[in-house]
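# Geometric and topological summary
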Amino acid sequence: MKLTHHHYIRTAYTLSISAAILYSLWFLGYILNPKAMSSLDVSALQSRGQPHYGFFVIGDIATGVLVILLVACLIKIFHRTQAHKKISFWLCMFGLLAFGIMTAAASLFPSCDSNSSYCVINLSQVFNVHNITGTVASFGQFVSMITALVLVHKKITVTVFRTAIGLLILWAISGLVFITLSTNAFHSSLLMQHLFLVLSSLLLVVIPSVLIKSHPAQSP
């Protein structure tokens, strides 16, 4: 049976919301591993030897898979539109794709050792696999959000546009503050990391939403 255009739109919304929920599974760390959540980088939940570490690894891998499927779905939705011919659209898709792939990869290389009682940030850790893949993932999400707004800014309301910009700015500030505090006040940085992750989850929903809503004739 041939899938309808509206079916792809509903699927895109479902995939984006599901990916955001899976990316937020770290919240369950407060129940499944409260000791780590009180003193460690969230990625420590995925360290081999930590309680239920496999659950958190699978969550991020599943997030990556759903984001990849979301990209395929969005390409299908915009296949016969003018947006499909624009560089900004493809940069948006490549940004999302980078986020999905690198999020899954980062989950396999947590930044804290399984036997750590705290995380110490030094040069060797700043440039470890987890932080590099995580940085690429975040940069991909940033590119995706920026290019999505470039693509749709004339087709959405001023309120929606300003809200999206505000969300992006808050996301960027929380990420930068987290990185800055991690080098000399790690425990104080945890709140910023949690805020950054919450906003990252929201962006997973906002990006496809503004893209789809910018074409009212194609909305479900």
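This is a predicted model, so every value here is computed, not measured.

Structurally, Thr63 can be placed in helix 4 (residues 53-77). Owing to a relative accessible area of 0%, Thr63 belongs among the buried residues under this scheme. For the pair formed by Thr63 and Tyr23, sequence separation is 40 residues and the distance between their alpha carbons is 5.9 Å. Setting aside anything within four residues of it in sequence, one finds Thr63 in contact with Ala19, Leu22, Tyr23 and Leu204.

Another point: the packing of helix 5 (residues 87-106) against helix 7 (residues 129-152). Put simply, helix 5 and helix 7 touch, their axes get as near as 7 Å, and they point 155 degrees apart. When the axes of helix 5 and helix 7 are compared, the pair comes out roughly antiparallel. Here helix 5 and helix 7 pass one another in a crossing that is left-handed. Among the residues making up the contact of helix 5 with helix 7, the classes are represented as 15 nonpolar, 10 polar and no charged.

A word on the packing of aromatic side chains. Overall, the coordinates contain 8 aromatic pairs when judged by the stated rule. Geometrically, the ring pair formed by Phe78 and Phe89 is tilted, given 5.5 Å between the ring centres and 50 degrees between the ring planes. Note that Phe78 is positioned in the loop between helix 4 and helix 5 and Phe89 in helix 5, a separation of 11 residues in sequence. The two residues Phe78 and Phe89 agree in class, both being buried. Taken together, a centroid distance of 6.5 Å and an interplanar angle of 45 degrees make the contact between Trp90 and Phe94 tilted. In this pair, Trp90 and Phe94 both sit in helix 5, 4 residues apart, roughly one turn of the helix. Owing to a relative accessible area of 28%, Trp90 belongs among the partly exposed residues under this scheme. Here the aromatic residues Phe78, Phe89, Trp90 and Phe94 are joined through ring pairs into a cluster of three or more.

The next point concerns unusual backbone geometry. Unlike most non-glycine residues, His52 shows phi in positive territory, near 60 degrees. Structurally, the position occupied by His52 is in the loop between helix 3 (34-39) and helix 4.

On to the packing of helix 7 against helix 8 (residues 158-182), then. Closest axis-to-axis distance for the helix 7/helix 8 pair is 11 Å, and the angle between their directions is 160 degrees. With respect to helix 8, the axis of helix 7 lies roughly antiparallel. As for how helix 7 packs across helix 8, the hand of that crossing is left-handed. Facing helix 7, whose interface residues are Ser138, Gln141, Phe142, Met145, Ile146 and Leu149, helix 8 presents Phe161, Ala164, Ile165, Leu168 and Trp171.

Right, let's talk about the environment of Gly59 for a bit. As for its placement among the helices and strands, Gly59 is situated in helix 4. Taking the C-alpha atoms as reference points, Gly59 and Ala19, separated by 40 residues in sequence, lie 9.1 Å from one another.

This part covers the confidence of the model for the chain. Here the chain averages 86 in pLDDT, and 85% of its residues register 70 or above. Counting interchain partners and residues more than four positions distant, the pLDDT-below-50 stretch residues 116-124 has 15 contacts. Here residues 216-220 scores under 50 on pLDDT; set against residues more than four positions off or in separate chains, the count is 12 contacts.

The rules behind each value
Residues take numbers from 1 onward in each chain, read along the sequence in its written order. In keeping with the predicted nature of the model, local features appear solely for residues at pLDDT of at least 70, side-chain atom pairs appear and are counted solely at 80 or more, and the whole-chain, interface and lining totals rest on all residues. Computation of side-chain values covers all heavy atoms of the structure but excludes hydrogens and water. Helix and strand assignments follow DSSP, with helices taken as H or I runs no shorter than four residues and strands as E runs no shorter than two, numbered in order from the N terminus. Remark: exposure states derive from per-residue accessible area (1.4 Å probe, protein chains only) relative to the maximum for the residue type, with buried under 20%, exposed over 50%, and partly exposed in between. In what follows, residue pairs with any heavy atoms lying within 4.5 Å of each other are defined as contacts. Axes here refer to lines fitted to C-alpha atoms; in helices the fit is confined to the stretch in contact. Angles between the N-to-C directions go from 0 to 180 degrees. By the definition adopted for this analysis, an angle is roughly parallel if under 35 degrees, roughly antiparallel if over 145, roughly perpendicular if from 65 to 115, and oblique otherwise. Crossings are classed by handedness, with left-handed meaning an anticlockwise turn of the near helix from the far one by less than a right angle and right-handed meaning a clockwise turn. All residues other than Ala, Val, Leu, Ile, Met, Phe, Trp, Tyr, Cys, Pro, Asp, Glu, Lys and Arg, Gly among them, are scored as polar; the first ten of these are nonpolar and the last four charged. Working definition: a ring pair exists when centres of Phe, Tyr or Trp rings (six-membered ring for Trp) sit within 6.5 Å. Plane angles under 30 degrees give stacked, over 60 give edge-to-face, the rest tilted. Confidence scores labelled pLDDT are given residue by residue by the predictor and lie between 0 and 100.

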